[in-house]
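Survey of secondary and tertiary structure
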Amino acid sequence: MKFKCIALINFLVLQCLAILGVSKGFDFFYFVQQWPGSYCDSDKFSCCYPTTGKPAADFSIHGLWPNYRNGSYPQNCDPNNPFNESETSDLISSMRRNWPSLSCPSSSGESFWSHEWEKHGTCSESLLDQHSYFQTALTLRQQTNILQSLKSESFQMEDLIALPTLKML
Ligand SMILES: *[C@@H]1O[C@H](CO)[C@@H](O)[C@H](O)[C@H]1NC(C)=O
Ligand SMILES: *[C@@H]1O[C@H](CO)[C@@H](O)[C@H](O)[C@H]1NC(C)=O
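What you see is a predicted model; the values in this text were computed from it and never measured.

**Let's talk about the nonpolar core**
Among the nonpolar cores identified, the biggest contains 15 residues, and Phe 29, Leu 64, Trp 113, Tyr 133 and Ala 137 are the most heavily contacted of them. Residue assignment for this core shows that the elements contributing at least two residues are strand 3 (28-34), strand 4 (60-67), helix 3 (110-119) and helix 4 (130-143). Counting six residues, the second-largest nonpolar core is a separate cluster that includes Val 13, Trp 35, Leu 102 and Ile 146.

**Points about the confidence of the model for the chain**
Do not read the fine detail of predicted coordinates wherever pLDDT is low. Chain-level statistics for the chain give a pLDDT mean of 81 and a share of 76% at 70 or above. No element of the chain has a lower mean pLDDT than helix 6 (residues 157-160), at 40, and none a higher one than helix 3, at 96. The low-confidence segment residues 155-169 (pLDDT under 50) makes 17 contacts with residues lying over four places distant or belonging to another chain.

**Section: helix 3**
Of all the positions in helix 3, only Phe 112, Trp 113, Glu 116 and Trp 117 are classed as buried. Along the axis of helix 3, the buried positions cluster into a sector of 125°, meaning they face one direction only.

**Focus: the UniProt feature "active site" (unreviewed entry) in the chain**
Using the residue numbers shown here, the UniProt feature "active site" (unreviewed entry) corresponds to His 62, Glu 116 and His 120. For this annotated set, covering 59 residues, all C-alpha atoms fall within 11.1 Å of each other, a compact arrangement in space. In this structure, Glu 116 sits in helix 3. Given 22 C-beta atoms within 10 Å, Glu 116 falls into the buried group. If near-sequence neighbours (up to four positions away) are discounted, Glu 116 is found in contact with Gly 63 and Gly 121. By the secondary structure assignment, His 120 is in the loop between helix 3 and helix 4. The contact partners of His 120, leaving out residues within four places of it in the chain, are Gly 63, Leu 64, Trp 65, Pro 66 and Gln 75.

**Some points on the environment of Glu 87**
Relative to the helices and strands, Glu 87 resides in the loop between strand 4 and helix 2 (92-98). Take Glu 87: there are 15 C-beta atoms within 10 Å of it, and that puts it in the partly exposed class. A C-alpha to C-alpha distance of 10.0 Å links Glu 87 and Phe 134, two positions 47 residues apart in sequence. Here Glu 87 is in contact with Gln 130 and His 131, once residues within four sequence places are set aside.

Conventions we followed
- Residues numbered from 1 in each chain as written.
- Chains lettered and ligands numbered in written order.
- Predicted model: local features only at pLDDT ≥ 70, side-chain atom pairs only at ≥ 80, totals over all residues.
- Core = buried A, V, L, I, M, F, W, Y, C linked by C-beta atoms within 7 Å.
- Buried ≥ 20, exposed ≤ 12 C-beta atoms within 10 Å, placed from the backbone.
- Helix = DSSP H or I, 4+ residues; strand = E, 2+ residues; numbered from the N terminus.
- pLDDT = per-residue confidence, 0-100.
- Contact = placed C-beta atoms within 7 Å.
- Arc of directions from axis to C-beta.
- UniProt positions renumbered as here; feature names shortened; annotations may be inferred.

As structure tokens, this is what we get:
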């Protein structure tokens, strides 16, 4: 797999996803994944494993962020549509595996998912309702296996330039 656009901010890997169509209120998505080792090594954050268990040593989902081309992004777009766990109850076990919270205090993930939905997800609700937002991120996680791409020969050298800043444990 060759990423057309990849950026790194601390422990986060941001991949751009273009969306076709107009009048959605933003220009593209960043699909953001995090490397648990770097998150936990960072001086800025303390790291607590989820109450549901130590996460796999692999990239996990951080969020799906609507963004503007000018570099800024919309946030907290709909206070009337808070995170509602029962809308994603069929996805919870997959979210626990693929979208674990590493922040302290330990949690089973609800506060992280709620933050991602309310800050970012509500800004793409013209395209994705709550269930589709989480489902889309989980599907993208299946489709973009960064660790596998790093190991495979198809990963292009230019994609690797920024990667030494990631601490690969
Ligand atoms: C970026 O673009 C958005 C949408 O067009 C606009 O609302 C926002 O004010 C712009 N931000 C900056 C910093 O130019
Ligand atoms: C949460 O979602 C469920 C299932 O869609 C719905 O029945 C319930 O009313 C919602 N709760 C709130 C507080 O919106």
